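Chain by chain, the residues run as shown.
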Amino acid sequence: MAILGKERFEDLEAIHEGITGMLEIYKEDPASRGLNAYFKAFSQLVENLCRPFDDKQPVVWYNLGMSPELILALEDVHNIPIEAYPALQNIVGDVNFTLDYIDRAEAHGLPPEVCSVDKAGVGAVLKGIMPKPSCILGVNTPCDSQLAALPSVAEIAEAPMFLIDIPYLYGEREVEYVARQIRDAIPFLEKHTGRKFSWERFREICLRANRMSENLLAWNEFRKAVPCPQISKIICLMVPLFITFAGTETGVVTAAELAAEARERSERGEAAVEGEKIRAVWYQDPVWFDLQFYDWMESELKMVIPMDLFGYHAPEGMIDVSSRESMIRGLAHRFIRVMPMSRQFKGPIEWYLNDYLTLCREYKADFGIFAGHVACKHAWGGLGLLKEKSREIGMPLLVFEFDMFDPRVTPVESIQDQITQFVNNVVLPRMESKK
Amino acid sequence: MKDKQEILEIFGQVISGPMNRYVSRWKDSGNKIVGYYCSYIPEELFTALGVFPYRIRGAGSKDSSVADAYLSARLCTFVRHSLALALSGELDFLDGVVSLNSCDHIRRGFDLWKIKVKPKFSYFISVPRVQDDRVLFWFEEEMEGLKKALEDHFGKKVTPEGLSSAITLHNRARILLKELLDLRKMDPAPLSGAEALTVSVASQLIPERDLIPLLEDLLAGLKKSGGGQPARARLVVAGGELDEPQFIRNIEEQGGQVVADDVCFAIRFKADGIIFQRMKFCDIWAGESHNMFWRMKKAGIPILVLDREYLVPASGQVQTRVQAFLESMGK
Amino acid sequence: MTNCSIPSLQPETRNPKPETVIVAGVDIGSTTSKAVILQGHRIAGTFIGPSSTNPTKTAEEVFRKALEEARIERNEVRHIVGTGYGRARVAFANENISEISCHGKGAHFLVPTVRTVIDIGGQDTKVISVDAQGRLQDFGVNDKCAAGTGRFLDFIAGSLGLKVSDLGRHHFETGEPVTISHMCSVFAESEVINLINEGAPLASVVKGLHLSVASRINSIARRVGLVPEVVITGGVAKNPGVIKCLEEKLEVELKSLPGDFDPQLIGALGAAVIAAEKVNK
Ligand SMILES: Nc1ncnc2c1ncn2[C@@H]1O[C@H](COP(=O)(O)OP(=O)(O)OP(=O)(O)O)[C@@H](O)[C@H]1O
Ligand code: SF4
Ligand SMILES: [Mg+2]
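A.B. asks: Is there a simple way to think about the sheet that holds strand 7 (residues 273-279) of chain B in this case?
C.D. replies: Strands belonging to one sheet form pairs held by backbone hydrogen bonds; the direction of such a pair is parallel or antiparallel. Residue and element names in this part refer to chain B. Ordered in space as 6-5-7-8, the four strands form an open sheet in which the pairing is parallel. Edge positions in the sheet fall to strand 6 (256-260) and strand 8 (303-308), since each has one partner strand and no second. Each strand of the sheet is rotated relative to its neighbour by a mean of 35 degrees, with strand direction disregarded. Relative to strand 7, strand 5 (residues 233-239) runs parallel, the two sharing five bridges. When the sheet's bridge partners are listed, A238 is paired in strand 7 with F276.

A.B. asks: Quick question: what am I supposed to make of the domain arrangement of chain C here?
C.D. replies: By a widespread convention, an interface's size corresponds to the accessible area lost as its parts come together. Residue and element names in this part refer to chain C. Per the domain assignment, the segments of chain C are domain 1 (1-111 + 258-281) and domain 2 (113-256). In this structure, domain 1 and domain 2 have C-alpha centres spaced 25 Å apart. With 18 residues of domain 1 at the contact, the number on the domain 2 side is 29 residues. Between domain 1 and domain 2, a total of about 1700 Å² is buried, with carbon and sulfur atoms accounting for 61% of that surface. Considering only the side of domain 1, the residues that lose the most area to domain 2 are I100, H108 and V111, jointly responsible for 34% of the buried surface there. Here K238 ties to D262 by a salt bridge, and the two come within 3.1 Å at their closest N and O atoms. Between domain 1 and domain 2 we count 13 residue pairs in polar contact (both at pLDDT 80 or more) in total. Among the elements that take part in the side of domain 1 that touches domain 2, helix 2 (residues 99-110) stands out by supplying eight residues, more than any other. Classifying every residue of the side of domain 1 that touches domain 2 gives eight nonpolar, seven polar and three charged.

A.B. asks: Please explain the pairing of strand 1 (residues 32-36) of chain B as it appears in this structure.
C.D. replies: On any regular strand, side chains alternate: one points to one face of the sheet, the next to the other face. All names here are of chain B. Strand 1 sits mainly inside the fold: four of its five residues count as buried. Direction of pairing for strand 1 relative to strand 2 (residues 51-55): parallel, over a ladder of five bridges. Its bridge partner being in strand 2, Y36 is matched across the sheet by R55. Inspection of the sheet shows strand 1 paired to strand 3 (residues 96-100) by three bridges, in the parallel sense. Across the sheet, residue G35 finds its bridge partner in strand 3, namely V97.

A.B. asks: For this particular structure, what's the right way to read the nonpolar core?
C.D. replies: The tendency in soluble globular proteins is for nonpolar side chains to be buried side by side. L70 and M303 of chain A together with W113 of chain B are the most contacted members of the largest nonpolar core, which totals 302 residues. Tallying contributions element by element places helix 8 (residues 266-280) of chain C first for this core, with ten residues. Excluding residues that lie within four positions of it along the chain, L70 of chain A makes contacts with L137, I182, A185, I186, L189, F197, F202, I328 and L331 of chain A. In this structure, A157, L160, A237 and C245 of chain C belong to the second largest nonpolar core, which totals 34 residues.

A.B. asks: Could you clarify how one ought to interpret the interface of chain C and chain B in this entry?
C.D. replies: Counting residues at the interface gives 17 residues for chain C, matched by 14 residues for chain B. Across the chain C/chain B interface, buried area totals approximately 1200 Å², and carbon plus sulfur atoms make up 48% of it. In terms of surface lost to chain B, no three residues of chain C exceed R87, F139 and R223 of chain C, which account for 36% of the buried area on that side. Counting across the chain C and chain B interface gives one salt bridge. The salt bridge partner of K297 of chain B is D138 of chain C, with a shortest N-O separation of 2.4 Å. Those elements that place two or more of their residues in the side of chain C that touches chain B are helix 2 and strand 9 (136-141) of chain C.

A.B. asks: Looking at this structure, how should I read the packing of aromatic side chains?
C.D. replies: In this description, a pair of aromatic rings is defined by centroid distance and the angle of the planes. One pass over the full model with this rule turns up 31 aromatic pairs over all chains. When the ring of Y38 of chain A is compared with that of F42 of chain A, the centres are 5.8 Å apart and the planes differ by 25 degrees; the resulting orientation is stacked. Taken as a pair, Y38 of chain A and F42 of chain A lie in helix 2 (residues 33-55) at a separation of four residues, close to a single helical turn. An identical accessibility class is assigned to Y38 of chain A and F42 of chain A; each is buried. Summarising the aromatic geometry, the rings of F121 of chain B and F154 of chain B are spaced 6.1 Å apart at their centres and angled 50 degrees between planes, so their arrangement reads as tilted. Placement of F121 of chain B in the loop between helix 6 (104-117) and strand 4 (122-125) and of F154 of chain B in helix 7 (residues 136-154) is noted, with a sequence separation of 33 residues between them. Residue F121 of chain B is classed as buried on the basis of its relative accessible area of 6%. Taken together through their ring pairs, the aromatic side chains of W282, F293, Y294, W296, F400 and F402 of chain A make up a single cluster. Over the aromatic face of F162 of chain A sits the side chain of R134 of chain B, whose NZ or CZ is 3.8 Å from the ring centroid.

Rules used in this analysis
- Residues numbered from 1 in each chain as written.
- Chains lettered and ligands numbered in written order.
- Predicted model: local features only at pLDDT ≥ 70, side-chain atom pairs only at ≥ 80, totals over all residues.
- Heavy atoms only, no water.
- Pairing = 2+ DSSP bridges.
- Helix = DSSP H or I, 4+ residues; strand = E, 2+ residues; numbered from the N terminus.
- Axes fitted to C-alpha atoms, helices over the stretch in contact; angles between N-to-C directions.
- Domains from an automatic or database assignment.
- Contact = heavy atoms within 4.5 Å.
- Buried area = accessible area lost by both parts, 1.4 Å probe.
- Salt bridge = Lys/Arg side-chain N within 4 Å of Asp/Glu carboxyl O.
- Polar contact = N/O pair within 3.5 Å; in protein donor to acceptor, adjacent residues only side chain to side chain.
- Nonpolar A, V, L, I, M, F, W, Y, C, P; charged D, E, K, R; others polar.
- Buried < 20%, exposed > 50% of the residue type's maximum accessible area, 1.4 Å probe, protein only.
- Core = buried A, V, L, I, M, F, W, Y, C linked by side-chain atoms within 4.5 Å.
- Phe/Tyr/Trp six-rings, centres within 6.5 Å; stacked < 30°, edge-to-face > 60°.
- Lys NZ or Arg CZ within 6 Å of the ring centre and 35° of its normal.

Written out as structure tokens, the structure reads:
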């Protein structure tokens with residue numbers, strides 16, 4: 001590995017160490033094919049975060065509401081999702097750094113109720129640890145928090161920004177609207193990076209994006225098996241993978257590995273949880289600040305999460321590569337209807353409720369979990385209707401409050417406590433009586 | 001002719017709750033009324049169809065718990081109170097509702113309107129949440145959609161004549177309102193900030209035919225009576241939607257006079273400082289408050305950022321902050 | 001509190017005959033009420049008592065007690081400034097000024113080189129930046145409930161059966177600090193009780209509490225910016241454990257007040273200083 005610049009920052013060191021450690025643990029383990037693939041991909045993301053310091057190629061920042069296909073079509077440009085740094089730090093690095101980013105953003109004037117993911121992004125930018133961007137491309141989804149963070153980021157980084165508006169509904173007219181904006185973004189990207197957009201390259205990217213999606217769809221399918229063949233925590237890592245690697249070979253390979261592992265295990269009749277007792281759909285943000293939580297849940301409660309809101313890959317994402325026009329429109333479909341969270345939240349509440357019902361049915365859930373990330377207003381705002389729906393279909397719903405990045409809001413022990421109580425007092429008795 | 005006190009009292013009553021005497025008179029004579037959220041709505045379109053566009057607020061709500069049961073306690077209190085009114089039937093006088101995609105909170109509120117309140121007519125405008133001319137066309141298309149939906153529902157067409165007389169009517173009211181608010185450029189200003197806000201909020205709740213004479217009387221009266229008390233400091237209150245004169249009153253009680261409610265006017269109105277107010281939980285104005293804070297800091301303009309909640313009077317802490325802010329300006 | 005005179009700090013720019021002027025500052029805080037009588041540059045009398053639901057009466061009492069200590073008659077006092085939460089209820093005051101300005105002025109009176117004052121009171125924590133004349137420039141106030149305030153410490157100390165004044169002593173006993181993950185006092189309380197039940201040493205828990213207070217204050221301080229000298233005021237400044245943690249967190253040395261002056265009185269002192277400025281103008 002060349003001198004990546006990671007030595008320059010203790011922050012990056014922490015992430016690098018975390019990932020190297022994970023790879024050490026999992027690489028010899030034949031039963032961890034999926035996790036291995038993830039950590040390899042993430043270690044590449046670490047390199048991506050370093051490389052611009054050395055090769056001085058232009059950098060484009062973008063936000064978690066979109067995938068990078070368009071940016072990748074510019075030759076020799078680095079695509080860096082703003083939230084990647086704090087997310088990696090939180091998942092595999094040192095949570096204390098993430099908390100420091102959050103505190104920096106608050107100290108700089110972002111109100112506490114803004115999503116911690118976005119605050120952490122702003123804090124990382126304030127700390128000056130991300131390679132400076134030539135420009136920023138953003139979409140104004142999934143939530144208002146993006147609209148708080150993005151302009152702040154642009155102002156702090158003093159970088160020009162192009163924002164794509166994602167409309168309320170999803171139809172022909174809306175797709176055309178977003179497609180038009182994506183088209184407008186191309187000259188913007190070219191101008192500020194000084195790099196040419198290559199349609200030929202874009203086509204290859206779209207093809208790879210499709211292959212990744214095929215693998216993700218297959219993967220989702222394999223996880224429907226009872227018992228669930230693959231561990232729970234693997235599902236919630238899909239979001240950073242998709243946001244960073246859609247359209248790349250890494251994306252294709254990682255998704256293929258995830259699917260292959262799930263397939264092989266289910267063919268061999270292997271279960272993620274020996275003696276699986278309970279299945280739950282986790283319908284909100286994961287506990288990223290402590291992934292071991294999922295291990296605890298599986299061994300302690302014999303409970304598995306076959307699917308969650310972050311891992312569910314929607315079928316509307318296949319890009320028709322027959323023409324320039326159709327590719328751009330394909331990307332528009334992705335932005336409106338595939339990106340997790342954007343898909344469920346920025347339209348009418350039915351979209352959110354319907355996906356929940358689908359997941360509960362198809363993944364044979366015994367109950368649902370509304371893991372209420374404190375800042376996720378559009379989720380909290382739909383909670384009453386979600387509860388009503390749950391009652392209607394007779395599906396118990398556990399609701400708790402926490403912050404996916406910040407254990408200071410609800411420590412993991414308290415989350416464990418609430419799940420244990422609910423399982424013992426509501427879910428298990430109900431399953432007993434149904435037998 | 002009514003005098004200033006009398007008119008301000010009427011306006012004060014009008015804004016204190018959902019129903020007011022002009023609305024009930026309007027309804028009694030068999031007219032239609034449609035409620036809307038936020039200020040992007042083209043009022044003329046409604047007027048051209050003989051419908052009164054009424055601004056939905058939360059004033060008069062005692063308790064938001066009926067709405068909180070659906071929306072939780074994590075949404076902005078303005079949306080929660082307005083939905084509390086709607087869910088408890090206090091907005092049943094509306095013949096329809098028009099909402100828009102201005103924020104996550106309002107969007108979730110609209111779900112409840114449709115699913116629980118079920119007005120006879122409802123429409124949602126996907127307003128672009130990007131400030132750029134390149135998406136203006138989309139806004140225009142959305143307005144076309146609204147027009148068509150209104151026409152279909154009320155079984156009438158917007159005619160060129162109807163539209164032009166509606167424009168004339170609204171322009172008349174707007175000019176009067178602007179003249180009134182511009183009186184605050186005078187130092188001392190004849191209208192306090194709280195009074196000015198009362199007038200502009202009330203003007204969105206009174207049909208134009210009744211509103212215009214009231215504004216005319218008020219303007220004439222004020223022009224005659226001239227300035228009020230000299231203020232300790234002239235302040236601009238900026239930030240998100242604000243329809244509560246009480247909030248301004250709490251600031252003015254500390255001796256500052258609120259002379260404008262838009263930062264662009266700070267210079268024109270010779271303001272000494274800016275108070276940026278934001279509703280707790282509101283993200284849309286969170287980023288704005290962050291950027292405004294640093295811009296003003298750089299420009300050397302005193303700025304104070306305050307969070308507030310709907311229908312909650314300023315706490316002691318807020319009063320202390322405002323007073324200290326005035327003191328820090330050497331006032 | 002004994003009379004406390006700080007002659008070495010008399011600024012030269014004052015009125016020719018300020019020694020004779022008698023003024024007072026009365027600080028009705030959310031938790032305690034304070035009064036300071038200033039005669040010229042000499043602090044002639046002080047008093048601290050608990051705040052009550054009747055701020056007007058409390059103000060009367062602390063003022064009277066401070067006058068008694070100073071052996072000064074009420075009618076000798078030329079100007080009185082009220083401050084603190086109850087400032088508008090100090091019926092006998094000539095005017096009221098926010099405690100934010102007063103803490104700045106009071107700290108500046110004792111430490112003329114001060115540029116940042118951190119006032120940690122019962123309910124609010126304020127970070128105050130002042131200019132060379134001690135005039136208020138900018139400030140930040142805690143907005144996250146009781147976290148990072150005296151009330152937080154009062155509450156937890158109470159449930160541990162301790163007095164807040166003992167927290168400082170326990171801090172310096174042996175034990176590695178624990179992490180208190182909750183910012184909310186209600187949750188932090190049960191967390192603390194759990195820790196104690198699990199056998200964590202008291203010193204460790206106390207250190208953990210002080211660290212959590214310090215980190216909340218740090219985030220307000222960062223927003224305002226810390227220009228030295230930095231002085232800590234308010235009742236919590238009497239807790240050496242908090243001071244220690246703050247120095248670590250803020251990475252600055254905190255300037256202590258001369259003559260062991262009670263930091264809890266700084267707001268009332270500042271009010272008196274402002275009163276003197278009014279008279280001498
Ligand atoms: N001897 C002591 N040691 C440690 N802490 C103390 C001591 N005495 C008081 N305190 C703390 O000081 C706090 C009160 O401080 P202070 O009198 O400055 O508050 P206040 O002015 O009433 O409040 P505010 O400024 O927020 O309105 C108490 O809550 C207590 O925690
Ligand atoms: S104040 Fe903010 S959150 Fe509330 S309705 Fe307005 S934009 Fe939405
Ligand atoms: Mg105090």
